[in-house]
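A look at the structure
Take a look at the letters that make up each chain.
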Amino acid sequence: MLFSEPDSLLKLSAGLGLQWPDARGVFVGSSQGLYVWCNEEDHLRFCARGQGSDVKQLWQTVTAAMGAVEESAKTVGRSFCSSNHFGFTTSCPSRLGSALRVTITLKIPLLAKAVDLSALCRSLGLHCGSETVLGHSSVWQVSSGDCLGVSECDLLNTTMSGCRRLVVLEQLLEQGEGIYNNNNKQANKQTNKQTNNC
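Residues numbered from 1 in each chain as written. Predicted model: local features only at pLDDT ≥ 70, side-chain atom pairs only at ≥ 80, totals over all residues. Heavy atoms only, no water.

1. Concerning the overall build of the chain
Assigned secondary structure in the chain consists of six helices and eight strands. Tracing the chain from N to C terminus, the helices and strands come up as α-β-β-β-α-β-β-β-α-α-β-β-α-α. Evaluated residue by residue, the chain yields a buried proportion of 32% over its 198 residues. Expressed as a percentage of contacts within the chain between residues at least 6 apart in sequence, the contacts between residues at least 24 apart total 49%. (Helix = DSSP H or I, 4+ residues; strand = E, 2+ residues; numbered from the N terminus. Buried < 20%, exposed > 50% of the residue type's maximum accessible area, 1.4 Å probe, protein only. Contact = heavy atoms within 4.5 Å.)

2. Quick notes on the packing of aromatic side chains
Counting across every chain of the model gives three aromatic pairs. An aromatic cluster is present here, built from F3, W20, Y35 and W37 joined pairwise through their rings. (Phe/Tyr/Trp six-rings, centres within 6.5 Å; stacked < 30°, edge-to-face > 60°.)

3. Here's the deal with the UniProt feature "binding site: ATP" (unreviewed entry) in the chain
Mapped onto this numbering, the UniProt entry annotates "binding site: ATP" (unreviewed entry) at R45, R101, V102, T103, I104, T105, E131, T132, V133, L134, G135 and H136. Here V102 shows up in the loop between β5 (87-88) and β6 (103-107). Take V102: its relative accessible area is 9%, and that puts it in the buried class. When sequence neighbours within four positions are dropped, the list of residues in contact with V102 reads V55, V142, S143, S144, L156 and T159. (UniProt positions renumbered as here; feature names shortened; annotations may be inferred.)

4. Some remarks on the nonpolar core
Ranked by internal contacts, the top residues of the largest apolar core, which has 25 residues, are L106, I108, L111, L117, L120, V142 and L166. Of all elements in the fold, only β6, α3 (109-114), α4 (117-123), β8 (137-144) and α5 (152-174) reach the threshold of two or more residues within this core. Looking at which element gives the most residues to this core, the answer is α5, with eight residues. If near-sequence neighbours (up to four positions away) are discounted, I108 is found in contact with L117, S138, W140, L166 and E170. One finds L34, V62, A65 and M66 within the second-largest nonpolar core, a separate group that totals seven residues. (Core = buried A, V, L, I, M, F, W, Y, C linked by side-chain atoms within 4.5 Å.)

This is the structure we're talking about:
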């Protein structure tokens, strides 16, 4: 949950290390897995982590925390740093819009060996992070794509359906089946379902 002093020349030249560590910190919520970074890169960054696949519950946790901050700001005549026209204000242009990033950790070692995982993720509207080896398995960080002009609900649904597709392809490889067969009814049935969890 902690963040460290910036050491990249790009971040330092942007002023992210000025007066370090004054006015910086981490708020840890009573809800397990909820925390808020204060003045790391953005003024506030709400984060929720959890085991399993209940992304909807994590989203509800973040939404409730943001709502509490919004209500508190209103009591002193302030508003949260958002705009109905431009979305949430962030320091990174890649997060303009909903400013939402969803990251899911997946164990997909066979799929990663069989295909260009970064290209496959891009085709699903996702970003593929670096590989981490835990024990004898490799895990990958798969994140949501661009959020400008995309609603939070659409971003969550795209991420969940894309990750579901990756898991189904991994399961097919585990069963010794091919993944390049467009007529594979199991893959199409399990991954073409609409996800309306928002």
